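# Survey of secondary and tertiary structure
Chain by chain, the residues:
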Amino acid sequence: VFAVLIAAQMLLSRRRAVSAGDGLPERVPGGVGLAGVGSVIGGISSLFGIGGGSLTVPFLSWCRLPMQNAVAISAACGLPIALAGSAGFGRTELPPWSLGYVYLPAALAIVVTSFPMARVGARLSHRLPSATLRRIFAAVLIVIGVELILN
């Protein structure tokens, strides 16, 4: 429900999406502020069982970063978050080829397909307007939120 609410807020926000070259100054907090925001985003994400990107992208957009930059920064933050989450959990009754909650054959398939698709995504994000990227991100977030609600 929280993911759907965040997506609805992004879709219904009257504020114009920022694009690279708009000339608006970024308003990203300093190191202490970012650590605080990161802690809050991490805590909320873990409580609600959603990825940190679902909150990081709207936060960076609020900081007036172009959507292309917000999505790229959020994706880069995903690796250490995923590694920490994977290392933090471990169970013995999981299927063979599992490392904690990571099923290694699936992880390999994701890694192999992610490299070529990252290039496609980067090209696409630089061709689409920020407002369109914002709507696409919100729509994906709604789909994920509804999926979580139904399961």
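I will try to describe carefully the structure that is included in this document.

Calculation rules
Residues numbered from 1 in each chain as written. Predicted model: local features only at pLDDT ≥ 70, side-chain atom pairs only at ≥ 80, totals over all residues. Heavy atoms only, no water. Helix = DSSP H or I, 4+ residues; strand = E, 2+ residues; numbered from the N terminus. Buried < 20%, exposed > 50% of the residue type's maximum accessible area, 1.4 Å probe, protein only. Contact = heavy atoms within 4.5 Å. 1 Å grid on protein atoms, 1.4 Å probe; cavity = no way out; pocket = protein on both sides within 12 Å on 5 of 7 lines; lining within 4 Å. Points joined across faces, edges and corners; volume = space filled by probe spheres on them. Nonpolar A, V, L, I, M, F, W, Y, C, P; charged D, E, K, R; others polar. Phe/Tyr/Trp six-rings, centres within 6.5 Å; stacked < 30°, edge-to-face > 60°. Lys NZ or Arg CZ within 6 Å of the ring centre and 35° of its normal. Axes fitted to C-alpha atoms, helices over the stretch in contact; angles between N-to-C directions. Left-handed = near helix turned anticlockwise from the far one by under 90°. Arc of directions from axis to C-beta. Parallel < 35°, antiparallel > 145°, perpendicular 65-115°, else oblique.

### Remarks on the overall build of the protein
Helices and strands together make up the secondary structure of the protein, namely six helices and two strands. Helices and strands appear in the protein in the N-to-C order α-α-α-α-β-β-α-α. A total of 151 residues make up the protein; the buried ones form 23% of that total. In the protein, once contacts between residues fewer than 6 apart in sequence are set aside, the share between residues at least 24 apart is 65%.

### Section: the layout of surface pockets
Empty space within the largest pocket amounts to approximately 1,500 Å³. Residue lining of the largest pocket: 41 residues in total, with Val 71, Ser 74, Ala 75, Ala 76 and Gly 78 positioned closest to the centre. Ranked by the residues each element gives to the lining of the largest pocket, the list is headed by helix H4 (residues 67-88), at 13 residues. Residues belonging to the lining of the largest pocket are distributed by class as follows: 28 nonpolar, 13 polar and no charged.

### Things to note about the packing of aromatic side chains
Centre-to-centre distance and the angle between the planes together describe a pair of aromatic rings. Enumeration according to the criterion identifies one aromatic pair in this entry. Positioned over the ring face of Trp 62 is Arg 27, at 4.3 Å from the centre of the ring.

### Observations concerning the packing of helix H2 (residues 31-48) against helix H3 (residues 53-62)
Here H2 crosses H3 at 145 degrees, and the two axes come no closer than 9 Å. Crossing geometry of H2 relative to H3 is assigned as right-handed. Residues Leu 34, Val 37, Ile 41, Ile 44 and Ser 45 of H2 lie in contact with H3, whose contacting residues are Leu 55, Thr 56 and Phe 59. Class assignment for the residues of the contact of H2 with H3 results in six nonpolar, two polar and no charged.

### Quick word on helix H1 (residues 2-12)
Listing the buried residues of H1 in full gives Ala 3, Ile 6, Ala 7 and Met 10. End-on view of H1: buried residues confined to an arc of 100 degrees, all on one side of the axis. For H1, the exposed residues set more than 90 degrees away from the buried face come down to Leu 5 and Leu 12.

### Here's the deal with the packing of H3 against helix H6 (residues 130-150)
Following both chains from N to C, one finds H3 and H6 inclined at 155 degrees, their axes separated by 11 Å at the closest point. Considering their axes alone, H3 and H6 lie roughly antiparallel with respect to each other. Relative to H6, H3 is oriented so that their crossing is left-handed. Two secondary-structure elements touch here, H3 through Gly 53, Ser 54, Val 57, Pro 58 and Ser 61 and H6 through Arg 134, Phe 137 and Leu 141. Residues of the contact of H3 with H6, tallied by class, amount to four nonpolar, three polar and one charged.

None of the figures reported here should be taken as evidence of function without further support.
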